[in-house]
Amino acid sequence: MPKPRSIVILTGAGISRESGLDTFRDPGGVWDKVRLEDVATPDAFRRDPNRVHAFYNARRAQLNAVEPNAAHRALGELDRAWTGDLLLVTQNIDDLHERGGSQRLLHMHGTLRHVRCLGCAAVSPWLEAADTETPCPVCGQATLRPDVVWFGEVPLHMDAIMDALSVCDLFVSIGTSGTVYPAAGFVELAGRQADTLELNLEPSGGGAFDRSLSGPATELVPRFVADLLS
């Protein structure tokens, strides 16, 4: 396969699972422990904002106990070394890609370590717990919410993501089930002109990718990056 000029990489929960973070849909994952209707919808926040804050406070605190793994670090190395176009799109709300060195990065579902003000709309970095009494660092109003995309809301940065998918010549999906839209449709959009590759613990099924390699992200991603940069 010739060297690509423009690469889009999509990552999902599988890449962070190897750092010790729970996935959402796997057996024993987050949605086996708490109902998404109680913590991950706009209605849930209207009904019981402190419960929603407590859920995301706990997940934010968990980030202090985990580190980027070999897959995150390999993608950071690719970001530093790749002179062509590169966009890393993640469905994850953790900050392990940033800590692994990735900079050309978009979080389509938001991030745990930011909050958004419902009053002034400012998005601010946030490392501590928050609740309904916490003032916005920009306007001072106590109207903060987690800066994450809930069910029923539109993912972030979609125009930039679609633009990149329409011109890339390599699309790589890493550690994602391929069942949640719009991300599940990215392979079809990119596949109109790009080579497509899946790196996953198990194939997502459907035969949408030109190639699919099975195994842990911590093994597959460093190998993929080394081959690309060789």
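Since we're looking at a predicted model, the values are computed, not measured.

Each value, and the rule that gives it
- Residues numbered from 1 in each chain as written.
- Predicted model: local features only at pLDDT ≥ 70, side-chain atom pairs only at ≥ 80, totals over all residues.
- Heavy atoms only, no water.
- Domains from an automatic or database assignment.
- Buried area = accessible area lost by both parts, 1.4 Å probe.
- Salt bridge = Lys/Arg side-chain N within 4 Å of Asp/Glu carboxyl O.
- Polar contact = N/O pair within 3.5 Å; in protein donor to acceptor, adjacent residues only side chain to side chain.
- Nonpolar A, V, L, I, M, F, W, Y, C, P; charged D, E, K, R; others polar.
- Buried < 20%, exposed > 50% of the residue type's maximum accessible area, 1.4 Å probe, protein only.
- Helix = DSSP H or I, 4+ residues; strand = E, 2+ residues; numbered from the N terminus.
- Pairing = 2+ DSSP bridges.
- Disulfide = S-S within 2.5 Å.
- Axes fitted to C-alpha atoms, helices over the stretch in contact; angles between N-to-C directions.
- UniProt positions renumbered as here; feature names shortened; annotations may be inferred.
- Contact = heavy atoms within 4.5 Å.
- Core = buried A, V, L, I, M, F, W, Y, C linked by side-chain atoms within 4.5 Å.

Student: Can you walk me through the domain arrangement of the protein in this structure?
Tutor: Put simply, an interface is often sized by how much accessible area is lost when its parts join up. For the protein, the assigned domains read domain 1 (1-21 + 68-109 + 155-230) and domain 2 (28-65 + 110-148). Taken over C-alpha atoms, the centre of domain 1 sits 26 Å from the centre of domain 2. For domain 1, the biggest contributors to the area lost against domain 2 are Leu-21, Ile-93 and Asp-95; these three give 57% of the whole. Taken together, the connections running from domain 1 to domain 2 amount to one salt bridge. Summed over the shared surface of domain 1 and domain 2, the number is four residue pairs in polar contact (both at pLDDT 80 or more). For the side of domain 1 that touches domain 2, a count of residues per class yields four nonpolar, four polar and three charged.

Student: Where do I start with the pattern of salt bridges in this structure?
Tutor: A side chain with one charge may pair with a side chain of the opposite charge, provided their charged atoms come close. One pass over the full model with this rule turns up nine salt bridges. With a shortest N-O distance of 3.1 Å, Arg-99 and Asp-95 are connected by a salt bridge. On the basis of relative accessible area, Arg-99 is assigned to the partly exposed category, the value being 33%.

Student: What exactly am I supposed to notice about the pairing of strand β4 (residues 110-117) here?
Tutor: Each regular strand shows side chains that alternate between the opposite faces of the sheet. Counted residue by residue, β4 has seven buried out of eight residues, so it is predominantly covered. With four bridges joining them, β4 and strand β6 (residues 144-148) adopt antiparallel strand pairing. Within β6, the residue paired with Gly-110 across the bridge is Val-148. Two strands pair when backbone bridges link them, and β4 and strand β5 (residues 123-125) are joined in this way by three bridges, in the antiparallel orientation. Residue Arg-116 lies in a different strand from β5, and its bridge partner there is Val-123. Hairpin connection, β4 to β5: the antiparallel pair is bridged by five residues, and Ala-121 has positive phi, about 75°.

Student: Help me understand the state of the cysteines in this model?
Tutor: One pass over the full model with this rule turns up zero disulfides. With no disulfide of its own, Cys-120 lies 3.7 Å from the sulfur of Cys-139, the closest cysteine sulfur. Overall, Cys-120 belongs to the partly exposed group, its relative accessible area being 33%. Cys-117 provides the cysteine sulfur closest to Cys-136, a residue in no disulfide bond, and the two sulfurs are 3.8 Å apart. You can call Cys-136 buried: its relative accessible area is 4%.

Student: Even after reading the chapter, I still don't get the side chain of Ser-102, so can you show me in this structure?
Tutor: Assignment of secondary structure puts Ser-102 in the loop between α7 (96-99) and β3 (105-107). Among the residues examined, Ser-102 registers a relative accessible area of 6% and is labelled buried.

Student: Where do I start with the sheet that holds β4 in this structure?
Tutor: Sheet strands pair via backbone hydrogen bonds, and the direction of the pair is either parallel or antiparallel. With antiparallel pairing, three strands are arranged side by side in an open sheet as β5-β4-β6. Both outer strands of the open sheet, β5 and β6, are each paired with one neighbouring strand and no more. The sheet shows a mean angle of 45° between the axes of neighbouring strands, taken without regard to direction.

Student: I'm lost on the UniProt feature "binding site: Zn(2+)" (unreviewed entry) in the protein in this one. Help?
Tutor: When the UniProt feature table is mapped onto this chain, "binding site: Zn(2+)" (unreviewed entry) is found at Cys-117, Cys-120, Cys-136 and Cys-139. Spatial clustering of the annotated residues is evident: they stretch over 23 residues in sequence, but the largest pairwise C-alpha distance comes to 8.6 Å. Structurally, Cys-117 can be placed in strand β4. The class for Cys-117 is buried, based on a relative accessible area of 3%. Residues contacting Cys-117, with those up to four places away along its chain left out, are Ala-122, Cys-136, Cys-139, Thr-143 and Leu-144. Mapped onto the secondary structure, Cys-120 falls in the loop between β4 and β5. If we ignore the near neighbours within four places in the chain, the residues touching Cys-120 are Cys-136, Val-138, Cys-139 and Gln-141.

Student: Help me understand the nonpolar core in this model?
Tutor: As a rule of thumb, soluble globular proteins bury nonpolar side chains together. One finds Ile-9, Leu-75, Ile-174, Val-221 and Phe-224 to be the most contacted residues of the largest nonpolar core, which totals 22 residues. Elements with a contribution of two residues or more to this core: β1 (6-11), α6 (70-81), β2 (85-90), β7 (170-174), β8 (195-200) and α10 (217-229). Tallying contributions element by element places α10 first for this core, with six residues. Leu-75 has contacts with Ile-9, Thr-11, Ile-15, Leu-88, His-97, Ser-102, Ile-174, Val-221 and Val-225, leaving out every residue within four places of it along the chain.

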